[in-house]
Amino acid sequence: MTKDNHKEHPIDAVILWVDGNDEKHKEKIRPYVKDTKTIGTKKFRTRFDQVNEIKFTIDSIIKYASFIRNIYIVTDEQTPYFLTKENGTNEYKKVSIIDHKDIFTGYEQFLPTFNCRPIETCIYRIPNLAEHFVYFNDDFFLINETKPTDFYKNGLPVLRGKWQKFDKDIFYKKFKKVRYGHKAAQQKAAQLLGFKRYYNFRHTPHPMRKSTFENYFKENKEVFVENIRYKFRDKAQFTPQGLANHIEIKNGTCMFKSDLQLMYFRSYKKPLFWYKYKLNTKGKRKLFLGLQSLDLCPPPILNYILPWLEKRMK
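Counting restarts for each chain: residues are numbered from 1 in the order of the written sequence. Reporting in this predicted model follows two pLDDT cut-offs: at least 70 for local features of residues, and 80 or more for side-chain atom pairs to be given and counted; totals over whole chains, interfaces and linings ignore these cut-offs and use all residues. Each side-chain value is worked out from all heavy atoms of the structure, with water and hydrogens disregarded.

**Comments concerning the side chain of arginine 117**
Within the secondary structure layout, arginine 117 lies in helix 5 (residues 116-122). Three exposure classes are used, based on accessible area relative to the maximum for each residue type with a 1.4 Å probe and protein chains only: buried under 20%, partly exposed in between, and exposed over 50%. Charge assignment in this entry is limited to Lys and Arg as positive and Asp and Glu as negative, and neither His nor the chain termini are counted. Definition used for salt bridges: Asp or Glu carboxyl oxygen within 4 Å of a side-chain nitrogen of Lys or Arg. Glutamate 120 provides the closest opposite charge to the buried, unpaired arginine 117, separated from it by 5.4 Å. Only DSSP runs of H or I reaching four residues or more are called helices, and only runs of E reaching two or more are called strands; each is numbered from the N terminus.

**Overview of unusual backbone geometry**
Excluding glycine, most residues fall at negative phi; most peptide bonds, likewise, are trans. In this structure, proline 112 follows leucine 111 across a cis peptide bond, with omega equal to 0°. Within the element layout of this structure, proline 112 appears in the loop between helix 4 (100-103) and helix 5. Notably, asparagine 128 is not glycine yet its phi reads approximately 65°, a positive angle. With respect to the secondary-structure elements, asparagine 128 resides in the loop between helix 5 and strand 4 (132-136). On the accessibility criterion, asparagine 128 (67% relative accessible area) is exposed.

**Considering the sheet that holds strand 11 (residues 262-265)**
When DSSP finds two or more bridges between a pair of strands, those strands are recorded as paired. The sheet built from 3 strands is open, its strands ordered 5-12-11 with mixed pairing. Both outer strands of the open sheet, strand 5 (140-142) and strand 11, are each paired with one neighbouring strand and no more. Averaged over all pairs of adjacent strands, the angle between their axes in this sheet comes to 20°, without regard to strand direction. Here strand 11 runs beside strand 12 (residues 288-291); their pairing, made up of 4 bridges, is parallel. Note on strand 12: the bridge partner recorded for leucine 262 is phenylalanine 288. Fitting a line to C-alpha atoms yields each axis, with helices limited to the stretch in contact; the angle taken between N-to-C directions then spans 0 to 180 degrees.

**A look at the nonpolar core**
One recurring pattern in soluble globular proteins: nonpolar side chains tend to sit buried together. In this description, a nonpolar core means a group of buried Ala, Val, Leu, Ile, Met, Phe, Trp, Tyr and Cys residues linked to one another through side-chain atoms lying within 4.5 Å. Counting 45 residues, the largest nonpolar core has Ile58, Ile61, Tyr268, Leu289, Leu291, Ile305 and Leu309 as the members making the most contacts within it. Any two residues whose heavy atoms approach within 4.5 Å are treated as being in contact. Setting aside chain neighbours within four positions, we find isoleucine 61 in contact with Ala13, Ile15, Ser66, Ile68, Ile71, Phe136 and Leu142. If you look at the next biggest cluster of nonpolar residues, it comprises 39 residues, including Leu159, Leu193, Phe217 and Phe224.

**A look at the packing of aromatic side chains**
Only Phe, Tyr and Trp rings are paired, with Trp represented by its six-membered ring, and only when their centres lie within 6.5 Å; those with planes under 30 degrees apart are stacked, over 60 edge-to-face, the remainder tilted. In the structure shown here, the tally under the stated rule is 21 aromatic pairs. For the ring pair tyrosine 124 and phenylalanine 224, a centre distance of 6.4 Å and an interplane angle of 80° mean the geometry is edge-to-face. Of this pair, tyrosine 124 sits in the loop between helix 5 and strand 4 while phenylalanine 224 sits in helix 8 (residues 221-228), and the two are 100 residues apart along the sequence. Taken individually, tyrosine 124 and phenylalanine 224 each receive the classification buried, so the pair is uniform in this respect. When the ring of phenylalanine 151 is compared with that of phenylalanine 288, the centres are 6.1 Å apart and the planes differ by 50°; the resulting orientation is tilted. Within this pair, whereas phenylalanine 151 is found in the loop between strand 5 and strand 6 (152-153), its partner phenylalanine 288 is found in strand 12, the two being separated by 137 residues in sequence. Residue phenylalanine 288 is classed as buried on the basis of its relative accessible area of 1%. Following the ring pairs from residue to residue traces out a cluster consisting of Tyr107, Tyr124, Phe213, Tyr216, Phe217 and Phe224.

Set out below in structure tokens:
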């Protein structure tokens, strides 16, 4: 990426998306759930349900990262409503739908999957994907103008996060119940590569390189297969973003940035005026906004956030 010229070295964006409200998706998932009563619980549903926030994710990329060449939505026989023919797609010419079958070629026995980690493990296999690609969850949004150098410098990914000890090396955590969540999956990736601590990345878009995955999985096919075989999240899995980050760190092929440039809401339990203040004051100086589990957001707050996003993306 000489002189960070994105025209010579294009940058793509990749987004994972599922519409958990789709009846076909509910029927597809049912045979793989032992206790079907859990399907209707909030804890289960929140990994699949959505409020069409992906439209704002894509709109934010188009507006605030015009250098992005292609935007790939990876999904399972679904299409976001605003990309359907009846709604018109002229403004979304950069956007393509990539089905799970397109990236699980040769490993179709592991489909269907309802687990983001196998899908994330396979996104480097998107046909014609650029060497440099930025991975977004559908609850990531750009809220101010970005440049290629916000993601890559001298062709190397810019990592935002900080070094932390493994939980097993923190005294007080030895007495707590072990949680197998996002941090544990990052630690798993670091341990896989022989690290004694891990680089904890946060809820921002993730710049990655296709060749990093290709080279590693070519030499470690069993690691690839092990990570894509689970229908639902499992404690044995690592997060692929964490794997890519730690490979880059080990090889000295990345840049670090301590400023996350991020505003992030994990829950929506505070009063409405707090969110108004954060969005309209802090949002002026940040590049990224993370809104986790918007489907669980109380209506009064959601009815403010969604129009705020819509206005921001115009």
